[in-house]
Amino acid sequence: MPPPHPAGPTPHPAGPPSYPAGPPPRGPLDPWPHTVSWQPVSPDLIWVELIRLAAVLGVLLLGVAIGWALTGHWLFGVAVGALVLSGAWRVVTIVRAVHAWGYAEREDDLLVRHGLLVRRLSIVPYSRMQFVDVSAGPLERAFDLATVQLHTAAAASDARVPGLRPAEASRLRDRLTALGEDRAEGL
């Protein structure tokens, strides 16, 4: 004999929502796993970030080492150890963070994702873009990289894509600008 149905609300007759392209999204930061083709940034961005880290750590270690040499206090030795450990931890997170960056061009918007501990997915509609900026500092130029920055009316919705080759940055800038102009005409 089948067990009796428990009292309470009955399930919705339509059942769970159906997803056309495979299983449902795993979470709000991975909403289109089967319909979006993510483009990674260049792995050379790792070297740019590691050199920046080395410069900052070098200055900090030099200052702490000079303080240790002048005073001989044991706390300076602890500070040197803490800086070395935090630097090693940051090296690991830089590598993983660069691999977490990605962007995808869709019909009506651009998706940008990044972050490890705090993940972020930015969706920038082409019609909301005000202008697109391409920049490359001296270190980025040394590694033949550039950053594309999208600006919208709301500063919080700006998105950037670092670690692009200059040709890809120019192509993306031109495409986003053209799509932004096309979409804005209908407003």
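Computed from a prediction, not measured in an experiment: that's the story for all the values here.

For helix α2 (residues 74-100), built from 27 residues, the straight-helix expectation of 39 Å at 1.5 Å per residue is met to within 8% by its first-to-last C-alpha distance of 39 Å. Along α2, the positions that sit buried rather than exposed are V80, L83, G87, T93, I94, V98 and A100. Of the surrounding secondary structure, the elements contacted by the buried residues of α2 are α1 (44-71), β2 (102-105) and β3 (109-114).

On the secondary structure map, D108 appears in the loop between β2 and β3. Separated by 15 residues in the primary sequence, D108 and I123 have C-alpha atoms spaced 9.8 Å apart.

The next point concerns the sheet that holds strand β5 (residues 129-135). Within a beta sheet, neighbouring strands are joined by backbone hydrogen bonds and run either parallel or antiparallel to one another. Overall, antiparallel pairing links the 3 strands, which are arranged β5-β6-β7 in an open sheet. Bordering the open sheet on either side are β5 and β7 (159-164), each of which pairs with just one other strand. Neighbour-to-neighbour, the strand axes of this sheet turn through a mean angle of 15 degrees, independent of strand direction.

In the Ramachandran plot, D144 falls in the positive-phi region, its phi being about 60 degrees despite a non-glycine side chain. Residue placement: D144 occurs in the loop between α3 (138-142) and β6 (146-152). Judged by relative accessible area, which is 43%, D144 ranks as partly exposed.

Read across the open sheet, the 4 strands follow the order β1-β2-β3-β4; overall the sheet is antiparallel. In the strand order of this sheet, the two ends are held by β1 (39-40) and β4 (120-125), each with one partner. Pairing geometry for β2 and β3, over 4 bridges, is antiparallel. Of the residues in β3, the one forming a bridge with A104 is L111.

Per the stated rule, a full pass over the model turns up 7 salt bridges. Notably, a salt bridge pairs R175 with E105, separated by 2.8 Å at the nearest N-O pair. Linking R175 in helix α4 (residues 166-185) with E105 in strand β2, this pair joins segments that are 70 residues apart in sequence. For E105, a relative accessible area of 25% gives the class partly exposed. Ionic pairing is found between R173 and D174, a salt bridge with its closest N-O pair at 3.0 Å.

What follows is about the confidence of the model for the protein chain. On average, residues of the protein chain score 82 in pLDDT, and 77% of them are at 70 or above. In this model, residues 5-20 is a region of pLDDT below 50 whose contacts with residues beyond four sequence positions or in other chains number 2 contacts.

Moving on, we get to a nonpolar patch on the surface. On the surface, L62, I66 and L70 cluster together into a nonpolar patch covering about 340 Å² of accessible area. On the secondary structure map, L62 appears in helix α1. You can call L62 exposed: its relative accessible area is 54%.

The rules behind each value
- Residues numbered from 1 in each chain as written.
- Predicted model: local features only at pLDDT ≥ 70, side-chain atom pairs only at ≥ 80, totals over all residues.
- Heavy atoms only, no water.
- Helix = DSSP H or I, 4+ residues; strand = E, 2+ residues; numbered from the N terminus.
- Expected span 1.5 Å × (residues − 1).
- Buried < 20%, exposed > 50% of the residue type's maximum accessible area, 1.4 Å probe, protein only.
- Contact = heavy atoms within 4.5 Å.
- Pairing = 2+ DSSP bridges.
- Axes fitted to C-alpha atoms, helices over the stretch in contact; angles between N-to-C directions.
- Salt bridge = Lys/Arg side-chain N within 4 Å of Asp/Glu carboxyl O.
- pLDDT = per-residue confidence, 0-100.
- Patch = residues over 30% accessible without salt bridge, like charges linked within 9 Å, V, L, I, M, F, W, Y side chains within 5 Å.
- Areas by Shrake-Rupley, 256 points an atom, 1.4 Å probe, with all protein chains shown as cover.

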